[in-house]
Amino acid sequence: MNIYEEICQRAEALQDFMKVRRQDFHTYAETGWFEIRTTSILVDELKKMGYKVLYGKDIFDPEARMGVPDQGELDRQYERAVSQGAIQPYAQAAKDGFTGAVAILECGEGPVIGMRFDIDALGVFEESAPTHRPAAEGFRSVNEGMMHACGHDGHAAIGLGVARVLMDMKDRLHGTVKLVFQPAEEGLRGARGIAGSGLLDDVDYMLANHMGARGAGEEQVGLTGGKSLASTKLDAYFSGTAAHAGAVPEKGCNAMLAAATAVLNLYAMPRHSEGGTRINVGTLQAGSGRNVICDRAKLEIEVRGATTEISDYLFDYARRIIESAAQMHGCSSEIKVMGAASSMWSDEELMERTMAVCREKLGLNVRPPREQGMGGSEDCAYLFDRVREHGGKAVFFNTLTPYPGPGHSTIFDIREEDLPNGVKVFCGLACDLMGL
């Protein structure tokens, strides 16, 4: 049996282990910067395997984190996580928005290989009908309004599977592996802080994965050509003056009117000749009563572009619209950047190598690269960019599984039987890069 056959055998043997872990993470879903219980379990498992594990403030540039919630909410979510079995002292270290972990396996001279596994859930209310498998089988999220609706529970489970396989084979490896269990991918908030920590500054190859929708065929792994969309997430705040809507409306400065003006003009932004653009106003929060001129309003907005330059163009245009809309109605405005990512892409040489390893050494069916890109945005672009700054290479792939509903929907689910394929690709590619 060669080393690649052994990887496949070991990955398949871990299917039950990963299923249990995935369903546990799904049951106790935690959104970005609140993944306290999830982090504590990951750190505990990785330490028991024998890894050197960094966590808490040791894996971040604290000032580079984005979209961290207020302290009161962080405290409430910490108490919730502790009540649900978070393991100390790891939970305490993760308390103030320092979730996630980096596990390191050093095996002498050789390449340094990084692997990213995101771990956060979404702010989605999960379906409770018995037609939804997690509800029927008893692992629906117990945290209402938090749901693993994008497969990151599967990513965390794959990461633990990779850790087990590599540790069991460490005597034959040469080089270093860094397993990055990243928080707050949703909203593009978590990777920049990790990139800024310096932990990836010696990484030669950065690998990342996402569950992907399998069609009617037998494809097990997907590769994406082209680029992901660059994006900026922003909150816009409008401050006006309250007044009696009937008696003295002229005394007020209507923040809701300023916000509404901004919304209409944001959607009217001119597009860009050099690539695709996206704009969405996701929420508008305003008003306190039907007879009160509104003095506070908030918009949650995202812009996306085919390139980082196009996304920056949209953000700058949106900023001018927001400021002008506020001024029109006698209000002031404030903009807070809550998340961002540059355009992400795979190095062609490493993508071709990944495809060859999957097909020729692991016996996996591969969906050819799609040049139109992935359509969404990914903040592991920060990790890729950091590695490329010193000459490293990066690749992004999909572990394919049937989806009963689209990503981010209330009925989203994955099939645990497909998780071993993700383990095979990470471990197989690592061994190939080490020359084994």
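Above this text is the structure in question.
The present account deals with the structure reproduced in this document.

Calculation rules
Residues numbered from 1 in each chain as written. Predicted model: local features only at pLDDT ≥ 70, side-chain atom pairs only at ≥ 80, totals over all residues. Heavy atoms only, no water. Helix = DSSP H or I, 4+ residues; strand = E, 2+ residues; numbered from the N terminus. Rg over C-alpha atoms; globule rule 2.2 N^0.38 Å. Buried < 20%, exposed > 50% of the residue type's maximum accessible area, 1.4 Å probe, protein only. Contact = heavy atoms within 4.5 Å. Lys, Arg positive; Asp, Glu negative; His and termini not counted. Charge placed at Lys NZ, Arg CZ, Asp CG, Glu CD. Polar contact = N/O pair within 3.5 Å; in protein donor to acceptor, adjacent residues only side chain to side chain. Axes fitted to C-alpha atoms, helices over the stretch in contact; angles between N-to-C directions. Left-handed = near helix turned anticlockwise from the far one by under 90°. Nonpolar A, V, L, I, M, F, W, Y, C, P; charged D, E, K, R; others polar. Pairing = 2+ DSSP bridges.

Things to note about the overall build of the protein
Regarding its fold elements, the protein presents 13 helices and 12 strands. Whereas a compact globule of 436 residues would reach a radius of gyration of roughly 22 Å, the protein reaches 23 Å, a difference of no more than 12%. Taken over the C-alpha atoms alone, the protein extends approximately 85 × 50 × 40 Å along its principal axes. Buried residues in the protein amount to 58% of all 436 residues. Intrachain contacts of the protein at a sequence separation of at least 6 include 83% that bridge at least 24 residues. Across the protein, 45 positive and 61 negative side-chain charges occur, with their mean positions spaced 2 Å apart.

Regarding the environment of S343
You can see S343 is positioned in the loop between β10 (332-341) and α11 (348-361). On the basis of relative accessible area, S343 is assigned to the buried category, the value being 7%. For S343, the residues in contact, after removing those within four places along its chain, are K227, S228, A230, A306, T307, T308 and A381. A polar side-chain atom of S343 sits 2.8 Å from the main-chain carbonyl oxygen of S228.

So, the packing of helix α2 (residues 15-27) against helix α7 (residues 152-168)
One can describe the packing of α2 onto α7 by two numbers: an axis separation of 8 Å at closest approach and a directional angle of 145°. Every pair of crossing elements has a handedness; the one defined by α2 and α7 is right-handed. Residues F17, M18, R21, R22, F25 and H26 of α2 lie in contact with α7, whose contacting residues are D153, G154, A156, A157, I158, L160, G161 and R164. Counted by class, the contact of α2 with α7 contains 7 nonpolar, 3 polar and 4 charged residues.

What to know about the sheet that holds strand β11 (residues 366-370)
Strands pair in a sheet through their backbones, by hydrogen bonds, and they do so in one of two ways: parallel or antiparallel. Ordered by their spatial adjacency, 8 strands build an open sheet running β1-β2-β4-β3-β5-β12-β6-β11, and the pairing between neighbours is mixed. Each edge of the open sheet carries a strand with a single partner, namely β1 (52-55) and β11. Strand after strand, the sheet turns through a mean of 25° between neighbouring axes, direction not considered. Of the strand pairs in this sheet, strand β6 (residues 221-224) and β11 are connected by 3 bridges, and their pairing is parallel. What sits directly across from V221, in β11, is V366.

Side note on unusual backbone geometry
Between Q88 and P89 the backbone carries a cis peptide bond, its omega angle lying at 5°. Counting through the fold element by element, P89 comes out in the loop between α4 (71-83) and α5 (90-94). Of note, the phi angle at W33 is positive, near 70°, even though the residue is not glycine. Checked against the element boundaries, W33 lands in the loop between α2 and α3 (36-49). On the basis of relative accessibility, which here comes to 0%, the residue W33 falls in the buried class. The phi torsion at L188 lies on the positive side, around 55°, for a residue other than glycine. With respect to the helices and strands, L188 occurs in the loop between β4 (175-182) and α8 (191-195).

Any functional reading would require information beyond the geometric quantities listed.
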